[in-house]
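Take a look at the letters that make up each chain.
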Amino acid sequence: SAPAFPPFGHKTMKLTPRYLAVAVLAALAPAAHAEIAVDVIGGSEVSLEGLMQADGNWFHNDVLDLNAPSSNNDGKDTEFEQRRAEVVLKGKGTSFDWVVGYDGKNNKWLDVNLKWKLGTSYLQAGQFKQPNSMEELASTKNNDFVSKAMVTNLFGLSRRVGVAWGDDQPNYGYNVSYFGRELTRNAAQGQGFGGRAYWAPINAKGSIVHLGVSVVDYDTDFDTQRLRVRPDADLATGRLVDATIKNADRERTYGLEGMWVEGPFKLQGEYMTSRVKRYDAPSNFTGDSWYVSGVWNLTGETWGYKGGVQTTPLPNEPASGMWQLGLRYDKTNLNDDPILGGEEHNLTFGVNWYWRSNFKFMVNYVKVNSSRYNTTLRTNVDDNPNIIEARAQFYW
């Protein structure tokens, strides 16, 4: 039988002294701020932002050990880890904006780019998020759930070095880009292009309707392309769906997205289908994934809208904070005979608490259902674990 959830505190979280000192100083600060103004240099308003996240995952395994021993963990059914330690320096001017960001926890560059503003249009060069996932393009500190949906983690391309041209109007916008590798050495590679267009027929305070489409197409860079995703748990070492495509040449992903906001309620969803083009092979591979989620602000706050993504407000009452309830259903299918990577669908329930202007606490319960063909048993094997997740976050 599967083991019961271990008690809280089963394993001590490892925080370096400098990160702990920053957190303590922030907690003692008399006032909270969304960002720190540094100076005005060359007509550019310079500010400093940061994000620190610490996660805990409790695994109730079924078949696969989702936290099998590795170089990063001891293999126990509980895992605690600092998730992010980001510092971002920004400059905002009349004609140009710039940003330089780094994640000290993961030792990787974040947004590092220069944007030339031409009215509502812009030309951007450097490293930035590619235009193919609404959830990925939104601010990480305001994610509705501890883990992004499977479709985002599977097909969202995130940051690459390139150039882009776009336009952001109040009710519509677009972005087209050409990109190459990731700025961090030995990270993601593969040249390609992407584009996203969105339309908001309703964009008023407390009432938003958003629709969008996207596509990215890029060189897989390696002869073997592996598509796999964690079961909505960022600290899991195991994957329940996993497809290996040999003789891979290019991957193209199409996306559809939608969002509806009415007062304290938000409903959103995304669907992506991805095709891996193969050379010297009888057929290509196609997989897809999607999610639908709903969030209710119990304390009455609503969302804003900018650049084709939602913006999350500060609490109406900082002392008591903003409380949210969230529910998400997401599904992934990586079966395309003769490659049988498996199917998975998850149900996630979450509670979020934004306290004052700088703190956020999250708790999620994930019910996982998956099925994948086992070549040894020559049959499909069901694997249905449960996961509890928690996150503590400090940002400015």
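Our subject in this report is the structure included herewith.

## Observations regarding the overall build of the protein chain
Now for step 1: Helix and strand content of the protein chain: three helices and 22 strands.
Now for step 2: When the 396 residues of the protein chain are sorted by exposure, 47% land in the buried category.
Now for step 3: Counting contacts in the protein chain only where the partners sit at least 6 residues apart, residues at least 24 apart contribute 61% of the total.
Now for step 4: On the protein chain, roughly 18,800 Å² of surface is accessible, and the fraction owed to carbon and sulfur atoms is 58%.

## Regarding the side chain of Lys-129
Now for step 1: Within the fold, Lys-129 resides in strand β6 (residues 121–129).
Now for step 2: Of the side chains with opposite charge, Glu-136 comes closest to the buried, unpaired Lys-129, at an N-O distance of 4.2 Å.
Now for step 3: In terms of polar contacts, Lys-129 uses its side chain to reach the backbone carbonyl oxygen of Glu-136, at 2.6 Å.
Now for step 4: Within the structure, Lys-129 has its side chain in polar contact with the backbone oxygen of Ala-138 (distance 3.4 Å).

## Re unusual backbone geometry
Excluding glycine, a negative phi dihedral is what most residues carry, and trans is how most peptide bonds are arranged.
Now for step 1: Geometrically, the link from Asp-337 to Pro-338 is a cis peptide bond, its omega value of 15 degrees lying close to zero.
Now for step 2: With respect to the helices and strands, Pro-338 occurs in the loop between β18 (322–336) and β19 (339–355).
Now for step 3: Of note in this structure, Asn-186 is not a glycine but carries a positive phi near 65 degrees.
Now for step 4: A positive phi angle, near 60 degrees, is found at Asn-247, a position not held by glycine.

Criteria and cut-off values
- Residues numbered from 1 in each chain as written.
- Predicted model: local features only at pLDDT ≥ 70, side-chain atom pairs only at ≥ 80, totals over all residues.
- Heavy atoms only, no water.
- Helix = DSSP H or I, 4+ residues; strand = E, 2+ residues; numbered from the N terminus.
- Buried < 20%, exposed > 50% of the residue type's maximum accessible area, 1.4 Å probe, protein only.
- Contact = heavy atoms within 4.5 Å.
- Areas by Shrake-Rupley, 256 points an atom, 1.4 Å probe, with all protein chains shown as cover.
- Lys, Arg positive; Asp, Glu negative; His and termini not counted.
- Salt bridge = Lys/Arg side-chain N within 4 Å of Asp/Glu carboxyl O.
- Polar contact = N/O pair within 3.5 Å; in protein donor to acceptor, adjacent residues only side chain to side chain.

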